[in-house]
Amino acid sequence: MNQAQSQAQAQPVTVLLVDDHAMLRDALRSRLEREIDIEVVGTAGTADEAVEAARRLEPCVVVMDIDMPGRMCFAAAHDIVAFSPRTRMIYLSAFSSDRFIEDALEAHALSYLTKDQPPEVVIQAIRQAAQGLSTFSPSVRDRLTIGKNNKITLGRDDRPKTKASTLTRRELEMLRYLARGMSKKEIAATIHRSYGTVDKHIEKLMNKLDIHDRVGLARYAIREGLAEA
(Lines give C-alpha, C1' and ligand atoms only; values in the text may rest on other atoms or scores of the structure.)
Protein backbone atom coordinates (compact mmCIF):
# COMPACT_ATOMS: atom_id res chain seq x y z
CA MET A 1 0.00 0.00 0.00
CA ASN A 2 1.53 3.34 -1.02
CA GLN A 3 1.47 6.57 1.02
CA ALA A 4 -1.49 8.12 -0.84
CA GLN A 5 -3.62 4.98 -0.49
CA SER A 6 -2.79 4.65 3.20
CA GLN A 7 -3.69 8.26 3.94
CA ALA A 8 -6.87 8.06 1.88
CA GLN A 9 -8.27 5.53 4.36
CA ALA A 10 -8.18 8.30 6.98
CA GLN A 11 -9.56 11.80 6.59
CA PRO A 12 -8.20 13.66 3.53
CA VAL A 13 -5.73 16.49 4.03
CA THR A 14 -7.78 19.67 3.75
CA VAL A 15 -6.10 22.52 1.88
CA LEU A 16 -6.72 26.24 1.42
CA LEU A 17 -5.03 27.76 -1.66
CA VAL A 18 -4.09 31.45 -1.56
CA ASP A 19 -2.80 33.24 -4.67
CA ASP A 20 -3.86 36.46 -6.35
CA HIS A 21 -3.35 34.94 -9.82
CA ALA A 22 -6.59 33.10 -10.52
CA MET A 23 -5.15 31.08 -13.39
CA LEU A 24 -2.30 29.68 -11.28
CA ARG A 25 -4.60 29.11 -8.31
CA ASP A 26 -7.18 27.25 -10.39
CA ALA A 27 -4.54 25.17 -12.17
CA LEU A 28 -3.08 24.02 -8.85
CA ARG A 29 -6.54 23.31 -7.50
CA SER A 30 -7.38 21.21 -10.54
CA ARG A 31 -4.17 19.21 -10.11
CA LEU A 32 -4.68 18.66 -6.37
CA GLU A 33 -8.25 17.50 -6.86
CA ARG A 34 -6.90 14.48 -8.74
CA GLU A 35 -5.32 13.25 -5.49
CA ILE A 36 -7.64 11.01 -3.48
CA ASP A 37 -6.01 11.92 -0.14
CA ILE A 38 -6.14 15.71 -0.59
CA GLU A 39 -9.24 17.92 -0.51
CA VAL A 40 -9.14 21.57 -1.56
CA VAL A 41 -11.74 23.12 0.76
CA GLY A 42 -11.34 26.71 -0.43
CA THR A 43 -9.37 29.33 -2.31
CA ALA A 44 -8.54 32.99 -1.68
CA GLY A 45 -7.04 35.80 -3.72
CA THR A 46 -5.84 38.09 -0.91
CA ALA A 47 -4.38 37.78 2.56
CA ASP A 48 -7.57 39.12 4.16
CA GLU A 49 -9.67 36.57 2.25
CA ALA A 50 -7.25 33.88 3.43
CA VAL A 51 -7.71 34.82 7.07
CA GLU A 52 -11.50 34.79 6.76
CA ALA A 53 -11.51 31.46 4.88
CA ALA A 54 -9.07 29.83 7.30
CA ARG A 55 -11.14 30.95 10.27
CA ARG A 56 -14.26 29.42 8.69
CA LEU A 57 -12.71 26.25 7.25
CA GLU A 58 -9.80 25.51 9.62
CA PRO A 59 -7.80 23.70 6.93
CA CYS A 60 -5.00 21.32 7.74
CA VAL A 61 -2.68 23.11 5.30
CA VAL A 62 -2.59 26.61 3.81
CA VAL A 63 -0.58 26.97 0.60
CA MET A 64 0.06 30.70 0.28
CA ASP A 65 1.72 32.92 -2.29
CA ILE A 66 4.06 35.54 -0.85
CA ASP A 67 3.71 38.37 -3.37
CA MET A 68 0.10 39.61 -3.23
CA PRO A 69 -1.45 43.08 -3.19
CA GLY A 70 -2.98 44.43 -0.01
CA ARG A 71 -2.13 43.04 3.40
CA MET A 72 1.15 41.16 3.77
CA CYS A 73 0.91 37.37 3.69
CA PHE A 74 3.18 37.02 6.72
CA ALA A 75 0.87 39.15 8.88
CA ALA A 76 -2.07 37.04 7.72
CA ALA A 77 -0.19 33.84 8.60
CA HIS A 78 0.29 35.02 12.18
CA ASP A 79 -3.47 35.58 12.47
CA ILE A 80 -4.29 32.20 10.96
CA VAL A 81 -2.00 30.25 13.28
CA ALA A 82 -3.22 32.27 16.28
CA PHE A 83 -6.79 30.99 15.95
CA SER A 84 -5.93 27.68 14.26
CA PRO A 85 -2.64 26.42 15.74
CA ARG A 86 -2.89 23.07 13.97
CA THR A 87 -2.94 24.66 10.52
CA ARG A 88 0.36 24.20 8.67
CA MET A 89 1.75 26.97 6.47
CA ILE A 90 3.39 26.30 3.10
CA TYR A 91 4.73 29.31 1.19
CA LEU A 92 4.95 29.36 -2.59
CA SER A 93 7.07 32.15 -4.03
CA ALA A 94 9.02 33.34 -7.03
CA PHE A 95 11.46 34.85 -4.52
CA SER A 96 14.06 33.03 -2.42
CA SER A 97 15.96 35.93 -0.86
CA ASP A 98 17.20 35.72 2.73
CA ARG A 99 14.72 38.35 3.86
CA PHE A 100 11.68 36.48 2.62
CA ILE A 101 12.88 33.14 3.96
CA GLU A 102 13.57 34.68 7.34
CA ASP A 103 10.13 36.32 7.42
CA ALA A 104 8.49 33.05 6.39
CA LEU A 105 10.24 31.09 9.16
CA GLU A 106 9.22 33.74 11.68
CA ALA A 107 5.64 33.51 10.38
CA HIS A 108 5.28 29.80 11.17
CA ALA A 109 6.46 28.43 7.81
CA LEU A 110 6.63 24.67 7.78
CA SER A 111 7.68 24.65 4.12
CA TYR A 112 8.94 27.14 1.54
CA LEU A 113 8.77 26.22 -2.15
CA THR A 114 9.76 28.24 -5.18
CA LYS A 115 7.28 28.42 -8.05
CA ASP A 116 9.60 26.67 -10.48
CA GLN A 117 8.94 23.40 -8.65
CA PRO A 118 6.65 20.86 -10.39
CA PRO A 119 3.17 20.23 -8.95
CA GLU A 120 4.31 16.84 -7.63
CA VAL A 121 6.66 18.60 -5.22
CA VAL A 122 3.80 20.73 -3.88
CA ILE A 123 1.64 17.63 -3.49
CA GLN A 124 4.34 15.83 -1.56
CA ALA A 125 4.95 18.93 0.59
CA ILE A 126 1.25 19.01 1.51
CA ARG A 127 1.36 15.36 2.57
CA GLN A 128 4.53 16.00 4.55
CA ALA A 129 3.03 19.09 6.20
CA ALA A 130 0.02 17.07 7.35
CA GLN A 131 2.52 14.98 9.31
CA GLY A 132 4.33 18.01 10.68
CA LEU A 133 7.31 17.62 8.34
CA SER A 134 9.03 20.39 6.38
CA THR A 135 9.85 20.65 2.69
CA PHE A 136 12.16 23.26 1.15
CA SER A 137 13.14 23.87 -2.44
CA PRO A 138 16.88 23.32 -3.06
CA SER A 139 17.59 27.05 -3.45
CA VAL A 140 15.96 27.65 -0.07
CA ARG A 141 17.40 24.62 1.72
CA ASP A 142 20.94 25.70 0.80
CA ARG A 143 20.43 28.87 2.85
CA LEU A 144 19.20 27.09 6.00
CA THR A 145 20.91 25.69 9.07
CA ILE A 146 19.47 22.92 11.24
CA GLY A 147 20.37 23.61 14.86
CA LYS A 148 19.67 22.01 18.21
CA ASN A 149 16.26 20.37 18.65
CA ASN A 150 15.93 20.47 14.82
CA LYS A 151 15.42 24.24 14.93
CA ILE A 152 15.61 25.67 11.40
CA THR A 153 17.33 29.02 11.03
CA LEU A 154 18.62 31.09 8.15
CA GLY A 155 22.37 30.95 7.69
CA ARG A 156 24.72 31.02 10.67
CA ASP A 157 23.84 32.43 14.09
CA ASP A 158 27.01 34.53 14.01
CA ARG A 159 26.23 36.21 10.68
CA PRO A 160 26.66 40.02 10.74
CA LYS A 161 23.67 41.88 12.10
CA THR A 162 22.10 44.61 10.00
CA LYS A 163 19.75 47.41 10.99
CA ALA A 164 16.94 45.52 9.29
CA SER A 165 17.56 42.53 11.59
CA THR A 166 16.71 44.71 14.63
CA LEU A 167 13.25 45.57 13.34
CA THR A 168 10.12 43.90 14.65
CA ARG A 169 7.73 42.02 12.39
CA ARG A 170 5.31 44.96 12.46
CA GLU A 171 8.06 47.48 11.66
CA LEU A 172 9.16 45.43 8.65
CA GLU A 173 5.54 45.29 7.56
CA MET A 174 5.33 49.09 7.77
CA LEU A 175 8.49 49.41 5.65
CA ARG A 176 7.03 47.27 2.91
CA TYR A 177 3.80 49.23 2.77
CA LEU A 178 5.74 52.50 2.62
CA ALA A 179 7.83 51.08 -0.24
CA ARG A 180 4.57 50.54 -2.13
CA GLY A 181 3.89 54.26 -1.80
CA MET A 182 1.01 53.83 0.65
CA SER A 183 -0.01 56.63 3.03
CA LYS A 184 -0.42 56.09 6.77
CA LYS A 185 -4.19 56.21 6.30
CA GLU A 186 -4.03 53.54 3.60
CA ILE A 187 -1.79 51.35 5.75
CA ALA A 188 -4.17 51.66 8.70
CA ALA A 189 -7.08 50.55 6.52
CA THR A 190 -5.08 47.64 5.11
CA ILE A 191 -3.97 46.19 8.45
CA HIS A 192 -7.23 47.07 10.25
CA ARG A 193 -5.56 49.28 12.86
CA SER A 194 -5.97 52.92 13.84
CA TYR A 195 -4.09 55.76 12.20
CA GLY A 196 -2.46 56.51 15.56
CA THR A 197 -1.13 52.96 15.88
CA VAL A 198 0.42 53.12 12.42
CA ASP A 199 1.90 56.53 13.20
CA LYS A 200 3.58 55.15 16.35
CA HIS A 201 5.06 52.18 14.47
CA ILE A 202 6.49 54.44 11.79
CA GLU A 203 7.89 56.85 14.37
CA LYS A 204 9.73 53.96 16.08
CA LEU A 205 10.93 52.80 12.68
CA MET A 206 12.37 56.21 11.89
CA ASN A 207 14.18 56.36 15.23
CA LYS A 208 15.71 52.89 14.81
CA LEU A 209 16.94 53.54 11.28
CA ASP A 210 17.75 57.21 11.83
CA ILE A 211 15.67 58.04 8.75
CA HIS A 212 13.13 60.76 9.41
CA ASP A 213 10.88 60.97 6.37
CA ARG A 214 8.65 58.45 4.59
CA VAL A 215 10.42 58.83 1.25
CA GLY A 216 13.71 57.91 2.91
CA LEU A 217 12.13 54.87 4.54
CA ALA A 218 10.69 53.76 1.20
CA ARG A 219 14.09 54.11 -0.48
CA TYR A 220 15.72 52.12 2.33
CA ALA A 221 13.14 49.33 1.94
CA ILE A 222 13.73 49.13 -1.81
CA ARG A 223 17.51 49.15 -1.37
CA GLU A 224 17.35 46.34 1.19
CA GLY A 225 15.12 44.19 -1.02
CA LEU A 226 12.07 44.55 1.24
CA ALA A 227 9.67 45.91 -1.35
CA GLU A 228 8.90 42.85 -3.45
CA ALA A 229 6.44 41.20 -1.06
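Residues numbered from 1 in each chain as written. Predicted model: local features only at pLDDT ≥ 70, side-chain atom pairs only at ≥ 80, totals over all residues. Heavy atoms only, no water.

The next thing to look at is helix H6 (residues 119-130). If you check H6, its first and last C-alpha atoms are 17 Å apart, about what twelve residues at 1.5 Å a residue would give, namely 16 Å. Of the positions making up H6, those classed as buried are Val-122, Ile-123, Ala-125, Ile-126, Arg-127 and Ala-129. In the segment just after H6, Gly-132 is the residue with positive phi, at about 80°. (Helix = DSSP H or I, 4+ residues; strand = E, 2+ residues; numbered from the N terminus. Expected span 1.5 Å × (residues − 1). Buried < 20%, exposed > 50% of the residue type's maximum accessible area, 1.4 Å probe, protein only.)

So, about the layout of surface pockets. Here the largest pocket is characterised by a volume of approximately 310 Å³. What lines the largest pocket is a set of 17 residues, and nearest its centre among them are Leu-24, Leu-28, Leu-92, Lys-115 and Val-122. For the lining of the largest pocket, the secondary-structure elements that each account for two or more residues are strand S1 (13-18), helix H2 (22-32), strand S3 (61-65) and H6. Per element, the largest residue contribution to the lining of the largest pocket is five residues, and it comes from H2. (1 Å grid on protein atoms, 1.4 Å probe; cavity = no way out; pocket = protein on both sides within 12 Å on 5 of 7 lines; lining within 4 Å. Points joined across faces, edges and corners; volume = space filled by probe spheres on them.)

Let us now look at the nonpolar core. Membership of the largest hydrophobic core comes to 29 residues, with the highest contact counts inside it found for Val-18, Met-64, Cys-73, Phe-74, Met-89, Tyr-91 and Tyr-112. Residue assignment for this core shows that the elements contributing at least two residues are S1, helix H3 (47-57), S3, helix H4 (73-83), strand S4 (88-93), helix H5 (98-106) and strand S5 (109-114). Sort the elements by how many residues they give to this core and H4 lands first, with six residues. The residues touching Met-89, leaving out its near neighbours within four places in the chain, are Val-62, Met-64, Ala-77, Ile-80, Val-81, Ala-107, His-108, Ala-109, Leu-110 and Ser-111. (Core = buried A, V, L, I, M, F, W, Y, C linked by side-chain atoms within 4.5 Å. Contact = heavy atoms within 4.5 Å.)

All right, on to the sheet that holds S5 then. Within a sheet, neighbouring strands are paired by backbone hydrogen bonds and run either parallel or antiparallel to one another. Spatial strand order, S2-S1-S3-S4-S5: five strands in an open sheet with parallel pairing. Two strands close off the open sheet at either side, each with one partner strand: strand S2 (38-44) and S5. Ignoring strand direction, the axes of neighbouring strands in this sheet form an average angle of 20°. Docked against the sheet, H4 engages S3 and S4, running at close to 165° with respect to S4. The strands touched by H5 within the sheet are S4 and S5, with S5 carrying the most contacts at an inclination of about 150°. (Pairing = 2+ DSSP bridges. Axes fitted to C-alpha atoms, helices over the stretch in contact; angles between N-to-C directions.)

Assignment of secondary structure puts Met-68 in the loop between S3 and H4. Sequence spacing of Met-68 and Val-18 is 50 residues, and the spatial spacing of their C-alpha atoms is 9.3 Å. Apart from residues no more than four positions distant in its own chain, Met-68 is found in contact with Val-18, Asp-19, Asp-20, Gly-45, Thr-46, Ala-47, Cys-73 and Arg-180.

We now examine the pattern of salt bridges. In the structure shown here, the tally under the stated rule is 14 salt bridges. Note that Arg-29 and Glu-33 form a salt bridge whose closest N and O atoms lie 3.0 Å from each other. The exposure class of Arg-29 is partly exposed, given its relative accessible area of 27%. A salt bridge links Arg-127 to Glu-35, with the shortest nitrogen-to-oxygen separation between them at 2.7 Å. Taken together, the positions of Arg-127 in helix H6 and Glu-35 in the loop between H2 and S2 put the pair 92 residues apart, joining distant regions of the chain. Of the two residues examined, Arg-127 and Glu-35, each falls in the buried class. Where salt bridges share partners, they join Arg-31, Glu-35, Asp-37, Glu-120 and Arg-127 into one cluster. (Salt bridge = Lys/Arg side-chain N within 4 Å of Asp/Glu carboxyl O.)

We now examine the pairing of S4. Extensive coverage of S4 is indicated by the burial of five of its six residues. Summarising the sheet, S3 and S4 pair through five bridges and their orientation is parallel. Directly across from Val-63, in S4, lies its bridge partner Ile-90.

Averaged over every residue, the pLDDT of the chain is 85; the share at 70 or more is 85%. Summarising per-element confidence for the chain, the mean pLDDT is lowest in helix H1 (residues 3-8) (50) and highest in S1 (97). The model gives residues 156-161 a pLDDT under 50, and that stretch makes three contacts with residues more than four places away or in other chains. (pLDDT = per-residue confidence, 0-100.)

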